[in-house]
Amino acid sequence: MAEGENEVRWDGLCSRDSTTRETALENIRQTILRKTEYLRSVKETPHRPSDGLSNTESSDGLNKLLAHLLMLSKRCPFKDVREKSEFILKSIQELGIRIPRPLGQGPSRFIPEKEILQVGSEDAQMHALFADSFAALGRLDNITLVMVFHPQYLESFLKTQHYLLQMDGPLPLHYRHYIGIMAAARHQCSYLVNLHVNDFLHVGGDPKWLNGLENAPQKLQNLGELNKVLAHRPWLITKEHIEGLLKAEEHSWSLAELVHAVVLLTHYHSLASFTFGCGISPEIHCDGGHTFRPPSVSNYCICDITNGNHSVDEMPVNSAENVSVSDSFFEVEALMEKMRQLQECRDEEEASQEEMASRFEIEKRESMFVFSSDDEEVTPARAVSRHFEDTSYGYKDFSRHGMHVPTFRVQDYCWEDHGYSLVNRLYPDVGQLIDEKFHIAYNLTYNTMAMHKDVDTSMLRRAIWNYIHCMFGIRYDDYDYGEINQLLDRSFKVYIKTVVCTPEKVTKRMYDSFWRQFKHSEKVHVNLLLIEARMQAELLYALRAITRYMT
């Protein structure tokens, strides 16, 4: 009876062939029945000889299997798997074994479940995308189900992530997942840490490494400093950081390995921003995603129980502290009017280079003073903090306390002319995939703003992107930074800065308080801009340091 969740073969459920899935499901059913019968027999004859596992271990193993089945019954894109998983759970319940139920109200704590595409109701094109994702990861995760508001971006994101984690590349598979854990842990993102702990073990990673970074190979420990600086203060990265990793004798990284690692670190730092920015809920089969306790009727309306809405953690808040609909409607009209006025000003006159540089410095300086009233230190849980060192090291505004960091001019080093080719040369095809993802996020538009149609949103999208880069000291000579203050109000700036710099501090109140008349799909769109702009900013600093080392 030593089988745990990792010994059960779930892979067959990812097959496009229904017969293969049917066989895999039958094997899973038999395994669960054997474990159930064993536990029942132990209960009935408590003094029978043990097979080496304690009753608690056997029970925990069964519970993990049942939680995985619950996830499949709700999240598998294949209808036969969903139905059979539900059937197995019910048959186990009839044997007197308690089965799990989902916690929470869908993939996001910020977005009502009814507004998110339900698995099983997708069209043929979306089903193919879901099936591809499920085949690659063995799950359809909550990040995917929230990103699905924007299918074009999601397809590019999944393709890139699949290449980074599973296709041929400089780093072994278990290193890739461990680096994902290290990166997510910098922002205390237990959601991503939990997912990649499971993936790390699934590809044969050593469980001892999960006891703390000091138990991992020295080569990975050496990456800790770059991870730390890249996540919180990327403007401090120098060619000396790069040299220290490439010239560490038997623990040295190759250039190709280092580029792979840097791309993974920036990908997961940014994905942690998306996770917190969109209030992603724990996966159903992970800690916090399910419970074996029966619902307490006193806490719920009975209709909530039948609908599967079991969480009472977060009462719905009327957007932005009960601001009236007419006020938030006026905000949209005011924003559209500002966009029209700025366009007219652009057409009439152009500011001088000196004026543009001055406006950048003003915006960079002002961004230091944008912080939330909820801004307080978040103490990382031990389960997450053990995956990184120096837990007190976090984001600091780069001009505070008299420190001056030279402005990073995109005209001197940019992604299109420098970073892209360096990544592609050392890690073929990845530069192309990342570039495509950047372009889709930056150019994505449905020409809508809240209730308005046929709107050119390019000015607004550029202001968001450039504001993020401005916070990182990155300047575009051809952009008038005076536009940012016109287009982004304070509550929006607070949200942007928190998601990008300290995502672990994002609250539902912050999410609700910006763009109050905009749809959830538009707020998810904003998050796509935030995470791609952040990823590009981190990459620019890291790749410039690598280029300087190479020259």
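Residues numbered from 1 in each chain as written. Predicted model: local features only at pLDDT ≥ 70, side-chain atom pairs only at ≥ 80, totals over all residues. Heavy atoms only, no water.

### Here's the deal with the environment of His469
By the secondary structure assignment, His469 is in helix H20 (residues 458–471). Since its relative accessible area comes to 0%, His469 is described here as buried. Along the chain, His469 and Gln536 lie 67 residues apart, while their C-alpha atoms are 8.7 Å from each other. Not counting chain neighbours up to four residues away, the residues in contact with His469 comprise Ile474, Tyr476, Ala533, Gln536 and Ala537. Engagement of the side chain of His469 in a polar contact is seen with the backbone oxygen of Ala533, the distance being 2.9 Å. (Helix = DSSP H or I, 4+ residues; strand = E, 2+ residues; numbered from the N terminus. Buried < 20%, exposed > 50% of the residue type's maximum accessible area, 1.4 Å probe, protein only. Contact = heavy atoms within 4.5 Å. Polar contact = N/O pair within 3.5 Å; in protein donor to acceptor, adjacent residues only side chain to side chain.)

### Quick word on the state of the cysteines
Counting across every chain of the model gives zero disulfides. Here Cys14 stays free of any disulfide, with the sulfur of Cys76 as its closest cysteine sulfur at 7.7 Å. By relative accessible area, Cys14 is classed as buried at 15%. (Disulfide = S-S within 2.5 Å.)

### Side note on the packing of aromatic side chains
The final tally for this structure, using the stated rule, is 23 aromatic pairs. Ring geometry for Tyr153 and Phe157: centres 6.1 Å apart, planes at 25°, overall stacked. Of this pair, Tyr153 and Phe157 both sit in helix H6 (residues 151–166), four residues apart, which is roughly one turn of the helix. Exposure remark for Tyr153: the relative accessible area of 0% places this residue in the buried category. Measuring from ring centre to ring centre gives 4.9 Å for Tyr479 and Tyr481, while their planes differ by 90°; the resulting arrangement is edge-to-face. With respect to class, Tyr479 is no different from Tyr481; both count as buried. Its guanidinium or amino end placed over the ring of Phe78, Arg21 lies 4.1 Å from that ring's centre, counting from NZ or CZ. Cation over ring: Lys523 sits above Phe514, and NZ or CZ is 4.5 Å from the ring centre. (Phe/Tyr/Trp six-rings, centres within 6.5 Å; stacked < 30°, edge-to-face > 60°. Lys NZ or Arg CZ within 6 Å of the ring centre and 35° of its normal.)

### What about empty space enclosed by the protein?
For the structure shown, the criterion picks out three cavities of 30 Å³ or more. Forming the walls of the largest cavity are 13 residues, and the residues nearest its centre are Arg139, Asp141, Gln161, Leu195 and His196. Broken down by secondary-structure element, the contributors of at least two residues to the lining of the largest cavity are H6, helix H8 (190–202) and helix H12 (255–277). Broken down by element, the residue count for the lining of the largest cavity peaks at four residues, all from H8. Taken as a whole, the second largest cavity spans an internal volume of roughly 40 Å³. Together, Tyr153, Phe157, His267, Ser270, Leu271, Lys437, Ile531, Glu532 and Met535 line the second largest cavity. (1 Å grid on protein atoms, 1.4 Å probe; cavity = no way out; pocket = protein on both sides within 12 Å on 5 of 7 lines; lining within 4 Å. Points joined across faces, edges and corners; volume = space filled by probe spheres on them.)

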